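Residue-level structure breakdown
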Amino acid sequence: MDIYLVRIREQPGGSLYIDRKAHATTNDNYIAISHVWGTKETVQKYTVNGVPWEVSLSPGKKDILSILRRDDICGDGWFWMDLFCLDQSESPSISIADQLMAIPSIYKCSRCVKILIESPVCMKWQETASQAFEQGPINEEAFQEEELAHGRSCPYLLFADPWFDRLWTRQEGLYACVLDLIILKPVSCRRHSRDPTSAWIAHGTLLAHRFRAETFLLDKLAYHGLQPLKAKESLFSLYFDVIYKRHVNITLAYDCESGPDPKYNPIVEAWRSQRCTAKARDYVLAVFPDVDGYNVPVGAKKMSFPELLLDAIHQPAVCRQFKFAPKVPRGMVSPSGKGTESILPWLIDTPSNIGEAYDTFTANNTTSGTDSRPGGIHGNIELEDITFTKSGLCALKEDWKRTTDIYRHVVLASPSGPCTGSPRQDVSDDGGLLQQYFAQEFMHIAVSQYLPQEKMNALELQTNGVLPFDRIRDIPEEVYARELKRFLVCLICGASLFTADKVLETADVVRVSTLYGPLLGVMHRETKRVAKQDQLMLACSPTWDLQGFYIGLRVGDGMSVRGRTIIPNSSVWDSIENLAKTLES
């Protein structure tokens, strides 16, 4: 595959310049560079000798040629780096679409991928962790507590670097068999004390950063074909290799293949990463090339994110490998009389991370399969208003417990959403405290299915000992109702709070009364107000296991989707099948 490669040379006067290889392919011997471009506020344009365009550099890379020429990075060898090798001029010899499609091969075929870490990194903690490893086996749980304890007072830990937050760097690190992490800004330990609440929030922030790093590593192991159980067993070892040894050869050390594994799901894994990028269209261009047979459309640079995504999920090669289900169907937010349009996922125009970009739909490998279910549900349905009060919470929890496939909802829950209780908001704010409270109330039901009662009691004592839940009794009812609605949209749709706020601009949380029990759902507000009971129906699609029932509005001989319910559990399906048999007889 044809690519561009460059190296750094020195002129007689001592100045450095970029030398471009006349003809290069992925068969050449080269290093690939992975780095974070920087933010709009800090990046500046520079002229680099040998590069015909201005190069955008973050403050930590102002002296980029000297950095890259270091012996531990590129030296005087050939390398590929997007700043110098992605030719976006009017008439490049390799089209921009072909250059983008080549990126997976560029990183897979490189001798090594060098990751540039620009954030300050506390070298004292790096040395302490490395010494602990050299002294013998490490107690994983104790080490993680020590790591977080250090980070609460000295925030300069390597896993907090933005490299673990950006989407393109995820792709680059995913493909590489050999990774080297280069710390560009080592610093001494800078500890300072915090008050208990600030320390708790800092602890949660560190957990979120570490979660992203661990998510990437599990993602990488899945990409290279390690089975989930073995991957979890290998996670801490790989984490230590990457974060503290700063070197790993994934195929040699973990008995992996070069990837991608045939069962790998790049769409769901990218969504789970919650990473961000500067251009919304990259939420497609940095993910879908991992789907075998996907083609970057001509004129991709001029297409919006929704246009690119809809193009991607309709490409035949993509459809053959994945089934897509709208967690937020378009008709629920922006209704249409056309059933084919209403059933498409509603998309956010300008998402701020891939979690928001992919929040409203999900994709399953078509090989996974599920039981087929009937397409229509007998009998009319009734939509009931919900009491979003402290006294009404028990009824909502009972609805959730009785009729919901809780396991599927937990799997589909957004990692950045409130439902798992993992993201730690400012609990001095009423909204942040309520979201933590609702997470505990609803996830208690999920966790209780798997944990013994004594562990559940210990978990409750631990949480109640930190969070001031007694303050909830003084929170105004209107604030309580608003936050409960937001939480329920996240719970039902598996979305983030940002998406929930957008959905609630035009939709409401409802209780769908059926012969099989009450189903929580979300429905277009105006349709709920004007539709007659005999115009509404529940419908089951082949992807019922990913988005529950559709709430449909009869339009002529067809149906326009106007909402969705929770994913029903087996007891609901048993009731439906028993009723069907009764009606047949």
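Residues numbered from 1 in each chain as written. Predicted model: local features only at pLDDT ≥ 70, side-chain atom pairs only at ≥ 80, totals over all residues. Heavy atoms only, no water.

Overview of the overall build of the chain
This is how it is decided: In DSSP terms, a helix is any run of H or I states spanning at least four residues, a strand is any run of E spanning at least two, and both are numbered starting from the N terminus. Values of the radius of gyration come from C-alpha atoms, whereas the globule rule sets the reference at 2.2 Å times the count of residues to the power 0.38. When accessible area is computed with a 1.4 Å probe and restricted to protein chains, residues below 20% of their type maximum are described as buried, those above 50% as exposed, and intermediate ones as partly exposed. Contacts between residues were defined by any pair of non-hydrogen atoms, one from each residue, lying within 4.5 Å.
Looking only at helices and strands, the chain features 25 helices and 19 strands. Radius of gyration (C-alpha) of the chain: 26 Å, near the 25 Å computed for a compact globule of 585 residues. Seen through its principal axes, the chain has C-alpha atoms that stretch 90 × 55 × 45 Å. Counting across all 585 residues of the chain, residues that qualify as buried make up 54%. In the chain, of all internal contacts separated by at least 6 residues, the share reaching a separation of at least 24 is 72%.

Examining the packing of aromatic side chains
Two numbers describe a pair of aromatic rings. These are the distance of the centres and the angle of the planes. Threshold: Geometry of aromatic contacts follows a simple scheme: Phe, Tyr and Trp rings, the Trp one being its six-membered ring, pair when their centres are within 6.5 Å, and the pair is stacked under 30 degrees between planes, edge-to-face over 60, tilted otherwise.
Counted by the stated rule, this structure contains 29 aromatic pairs. On the basis of an interplanar angle of 80 degrees and a centroid distance of 6.2 Å, the ring pair of W400 and F442 is categorised as edge-to-face. With W400 in helix α17 (residues 393-403) and F442 in helix α19 (residues 430-447), this residue pair connects regions lying 42 residues apart in the sequence. Residues W400 and F442 agree in their burial class; the two are buried. Measuring from ring centre to ring centre gives 5.5 Å for F442 and F487, while their planes differ by 35 degrees; the resulting arrangement is tilted.

Regarding the pattern of salt bridges
The criterion, for reference: Any Lys or Arg side-chain nitrogen found within 4 Å of a carboxyl oxygen on Asp or Glu counts as a salt bridge.
This model, assessed by the stated rule, comprises 23 salt bridges. R511 is the salt-bridge partner of D399, the closest N and O atoms lying 2.6 Å from each other. With D399 in helix α17 and R511 in strand β15 (residues 507-514), this pair connects stretches of sequence that are 112 residues apart. Judged by relative accessible area, R511 falls into the buried class, the value being 14%. Across the salt bridge formed by R529 and E526, the nearest N and O atoms sit 2.6 Å from each other. Of this pair, R529 and E526 both sit in helix α23 (residues 525-530), three residues apart, which is roughly one turn of that helix. A relative accessible area of 61% places R529 in the exposed class. Since its relative accessible area comes to 39%, E526 is described here as partly exposed. Overlapping salt bridges, with partners in common, bring together K323, D405, R408 and D545 in one network.

Comments concerning the environment of E10
Worth spelling out the cut-off: Polar contact is the term for a pair of N or O atoms within 3.5 Å; when the atoms are in protein, one must be able to donate a hydrogen and the other to accept it, and sequence-neighboring residues count only if both atoms are side-chain atoms.
As for its placement among the helices and strands, E10 is situated in strand β2 (residues 6-10). Here E10 falls in the partly exposed class, since its relative accessible area comes to 43%. A C-alpha to C-alpha distance of 9.4 Å links E10 and D76, two positions 66 residues apart in sequence. When residues no more than four places from it in sequence are discounted, the contact partners of E10 are S15, L16, Y17 and R69. Only 3.1 Å separates the side chain of E10 from the side chain of R69, close enough to count as a polar contact.

A short note on the environment of E398
Of note, E398 is situated in helix α17. Classification of E398 by relative accessible area gives partly exposed; the value is 40%. Sequence spacing of E398 and Q144 is 254 residues, and the spatial spacing of their C-alpha atoms is 37 Å.

Thoughts on the state of the cysteines
Put simply, the test is: A pair of sulfur atoms, both from cysteines and within 2.5 Å, is called a disulfide here.
The tally for this structure, following the rule as stated, stands at zero disulfides. Residue C256 stays outside any disulfide, its sulfur separated by 9.0 Å from that of C177, the closest cysteine.

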